[in-house]
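Results of the structural survey
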Amino acid sequence: MGCDAASRGGAPIVRIELPTPFPVGNVNVYLIEDRPLTLVDAGPNSAEALTALTAGLAARGRRLEEIELLLLTHQHSDHVGLAGEVVTRSGATVAAIEPLARFLGDHERSMQVEEEYQGAVMELHGVPREPARRALAAAQAKRGPAHSVHVARPLAAGDVVELESRRLRVSSRSGHSPTDTIFVDEEARVALVGDHLIVHISSNPVVHSPLDGSRDPRHRTPALRNYLDSLGRTAALDLDLLHPGHGRDVADHRRLIAERLELHAGRKRRIHTELRDGPRSAHQVALQLWGDVAVEQAFLTACEVLGHLDLLEADGVVVQRERDGVVEYAAA
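Now for a look at the structure at hand. (Residues numbered from 1 in each chain as written. Predicted model: local features only at pLDDT ≥ 70, side-chain atom pairs only at ≥ 80, totals over all residues. Heavy atoms only, no water.)

1. What about unusual backbone geometry?
Looking along the chain, the bond that leaves arginine 35 and enters proline 36 is cis, with omega of 0 degrees. Tracing the backbone shows proline 36 in the loop between β3 (27–32) and β4 (38–40). Positive phi, close to 70 degrees, is recorded for aspartate 41, a residue that is not glycine. Position of aspartate 41 relative to the elements: it lies in the loop between β4 and α1 (47–58). The backbone phi angle of aspartate 324 is positive, close to 55 degrees, even though this residue is not glycine. (Helix = DSSP H or I, 4+ residues; strand = E, 2+ residues; numbered from the N terminus.)

In structure tokens form, the structure reads like this:
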């Protein structure tokens, strides 16, 4: 557990690090020592994370029971898992964008739908049954129980969350997930950004079950295309500091975004080159790029490849066809 504080233009924003079972490592939640006393994200649903959260609050002379407002950045379990426990112990009002409010309203069912969709995506894109089964089982075991949460304050893009010394503007940034949200203090030039932008890793554009519309994986949302658009909108913001969901603060967001755009451009070129040797499924491309990692992390690596295949298809240089229930991609 780590704890750090910053105070740009308003009440202190205190970072509290919580352990997670995921390869990304610790997750950051943020205590805004304002009125109402606000927590941004809640961490994963585990005893270890709850202990670290209570200890981090105690280091600031606070108790979990004092939290009055809980803001949530997106739907992933390492950010919302403990939300139910926070609300039970504090009675805090939960605020999140409206699609996330619906997702959390029946969280267990939402996760079941999500896992079924992930399985269908892997099957359609060539992941063999056993690696797909292991990927789903591992994800289910790590996320812990999914408790429903009533979001009493649904938010929309452009809304402002008014605290005594800060005004946090709500902005949607879909891509890493459909519900990614950033909270921007325009006066202080500070933003809380969840997993939208992280210094030490590139945020994975995860394929998710649509929150509205068809759940046929053939009609999935182009996650990476959405993410790149979101990065462009964030680059246009005049900000001095970003507080991310993992790792250290982002001090030069435009430079980091430029690096991310170049990374994805390079990966897109490499995937296009791989397809010149003949048609391949997304999983086969992932195996060429990452070897055994594409077996151990079958779903996430497939998501990464599919994002770039979407871009190549939009460029008109790649075409797809479905054969025997598996989609293959080929250079046009």
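Read on for the rest.
2. A look at the sheet that holds strand β12 (residues 241–244)
Hydrogen bonds between backbone groups are what pair the strands of a sheet, and the pairing can be parallel or antiparallel. The five strands are arranged β8-β9-β10-β11-β12 in an open sheet whose pairing can be described as mixed. Only two strands of the sheet have a single partner each, and these edge strands are β8 (160–162) and β12. Going from strand to strand, the sheet's axes swing by 25 degrees on average, the running direction of each strand aside. Direction of pairing for strand β10 (residues 181–185) relative to strand β11 (residues 190–194): antiparallel, over a ladder of three bridges. Across the sheet, valine 184 pairs through a bridge with alanine 191, a residue of β11. (Pairing = 2+ DSSP bridges. Axes fitted to C-alpha atoms, helices over the stretch in contact; angles between N-to-C directions.)

3. Side note on the pattern of salt bridges
On inspection of all chains with the given rule, the structure shows 30 salt bridges. Where glutamate 65 meets arginine 63, a salt bridge forms, and the shortest distance between an N and an O atom there is 3.4 Å. On the basis of relative accessibility, which here comes to 32%, the residue glutamate 65 falls in the partly exposed class. For arginine 321, the salt bridge goes to glutamate 328, with nearest N and O atoms at 3.4 Å. Judged by relative accessible area, which is 43%, arginine 321 ranks as partly exposed. Given the relative accessible area of 12%, glutamate 328 is considered buried. Within the structure, one salt-bridge network assembled from shared partners comprises Glu33, Arg60, Arg62, Arg63, Glu65, Glu66, Glu85 and Arg89. (Salt bridge = Lys/Arg side-chain N within 4 Å of Asp/Glu carboxyl O. Buried < 20%, exposed > 50% of the residue type's maximum accessible area, 1.4 Å probe, protein only.)

4. Some details on the side chain of histidine 196
You can see histidine 196 is positioned in the loop between β11 and α7 (223–235). By relative accessible area, which is 0% here, histidine 196 ends up buried. A distance of 2.7 Å separates a polar atom in the side chain of histidine 196 from a polar atom in the side chain of threonine 234. In contact with histidine 196, other than residues within four places in its own chain, are Arg173, Asp180, Ile182, Ser203, Tyr227, Ser230, Leu231 and Thr234. (Polar contact = N/O pair within 3.5 Å; in protein donor to acceptor, adjacent residues only side chain to side chain. Contact = heavy atoms within 4.5 Å.)

5. Observations regarding helix α6 (residues 129–143)
Taking 1.5 Å of rise per residue, the 15 residues of α6 would be expected to cover 21 Å, and the 21 Å separating its terminal C-alpha atoms lies within 8% of that figure. If you check which residues of α6 are buried, you get Pro131, Ala132, Ala135 and Arg143. In a view along the axis of α6, the buried residues occupy a sector of 105 degrees, so they form one face of it. Seen from the buried face of α6, the exposed residues on the opposite side, beyond 90 degrees, are Arg129 and Ala141. Tucked into the core, α6 has its buried residues touching α2 (77–80), α5 (107–124), α10 (293–296) and α11 (298–314). Phi turns positive one or two residues past the end of α6, at glycine 144, with a value near 75 degrees. (Expected span 1.5 Å × (residues − 1). Arc of directions from axis to C-beta.)

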